[in-house]
Amino acid sequence: MPPLQKILNLKTLNNLLFLLASNFLGSWGIMTTYMAGTRIFKTTDVLAPSFDEAALFQAYVLHTYTTLLICAVFSISFLFLKDRMRYIFLAAPLVIPSVYGFFFLSSYQ
């Protein structure tokens, strides 16, 4: 069997697919959190003369995507761990940026 076929077996491809899907869904979760969080916390006060929603969105995206990038780097360890702890690293891009996004929107002034 050639060395490439030993490395890229079906189990490895499934793990790569889970990793990519987790990170992709994490990026969608950030935008869903923004839409839900601005409604829940009533962060966007469009009637206030000094409110700048573009600045809120820019700060939100900068902070949450930085968090997603850090979680994506840590989620790569999903490929190398063999115990149940690997699923925590796989779920990190799904959970942590969204929770941080809700925290960011609730504390925004």
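Note that this is a predicted model, so its numbers are computed, not measured.

Asks: So what exactly am I meant to see when it comes to the overall build of the protein chain here?
Replies: A tally of regular secondary structure across the protein chain gives four helices and zero strands. The linear arrangement of helices and strands in the protein chain, starting from the amino end, is α-α-α-α. A buried classification covers 29% of the 109 residues belonging to the protein chain. On the protein chain, roughly 7,600 Å² of surface is accessible, and the fraction owed to carbon and sulfur atoms is 73%.

Asks: Would you mind showing me how to read the nonpolar core here?
Replies: As a rule of thumb, nonpolar side chains are buried together in soluble globular proteins. Counting eight residues, the largest nonpolar core is built from Ile30, Tyr34, Leu56, Ala59, Tyr60, Leu68, Phe104 and Leu105. For this core, the elements supplying multiple residues, two or more each, are helix H2 (10-40), helix H3 (53-75) and helix H4 (85-107). Sorting elements by how many residues they give to this core places H3 first, with four residues.

Asks: Just to check I follow, could you spell out the side chain of Asn15 for this structure?
Replies: One can find Asn15 in helix H2. According to the relative accessible area criterion, Asn15 is buried, its value standing at 13%. Other than its neighbours up to four places away in sequence, Asn15 contacts Phe78, Leu79 and Arg86.

Asks: Explanation requested: the packing of H2 against H3 in the structure shown.
Replies: Helix packing for two helices is described by the angle between their axes and how far apart those axes are. Packing of H2 against H3 leaves a shortest axis separation of 10 Å and a crossing angle of 160°. Between H2 and H3, the angle falls in the class roughly antiparallel. Handedness of the crossing formed by H2 with H3: right-handed. Side by side, H2 and H3 meet where Leu19, Asn23, Gly26, Ser27, Ile30, Met31, Thr33 and Tyr34 of the first sit next to Glu53, Leu56, Phe57, Tyr60, Val61, Thr64, Tyr65, Leu68, Ala72 and Ser75 of the second. Class assignment of the residues belonging to the contact of H2 with H3 gives a composition of eleven nonpolar, six polar and one charged.

Asks: Teacher, can you tell me more about H4 here?
Replies: Helix length check: H4 (23 residues) gives 31 Å between terminal C-alpha atoms against 33 Å at 1.5 Å per residue, within 8%. Every buried residue of H4 is accounted for by Arg86, Leu90, Ala92, Pro93, Pro97, Ser98, Gly101, Phe104 and Leu105. Summarising the contacts, the buried residues of H4 are in contact with H2 and H3.

Conventions and cut-offs
- Residues numbered from 1 in each chain as written.
- Predicted model: local features only at pLDDT ≥ 70, side-chain atom pairs only at ≥ 80, totals over all residues.
- Heavy atoms only, no water.
- Helix = DSSP H or I, 4+ residues; strand = E, 2+ residues; numbered from the N terminus.
- Buried < 20%, exposed > 50% of the residue type's maximum accessible area, 1.4 Å probe, protein only.
- Areas by Shrake-Rupley, 256 points an atom, 1.4 Å probe, with all protein chains shown as cover.
- Core = buried A, V, L, I, M, F, W, Y, C linked by side-chain atoms within 4.5 Å.
- Contact = heavy atoms within 4.5 Å.
- Axes fitted to C-alpha atoms, helices over the stretch in contact; angles between N-to-C directions.
- Parallel < 35°, antiparallel > 145°, perpendicular 65-115°, else oblique.
- Left-handed = near helix turned anticlockwise from the far one by under 90°.
- Nonpolar A, V, L, I, M, F, W, Y, C, P; charged D, E, K, R; others polar.
- Expected span 1.5 Å × (residues − 1).

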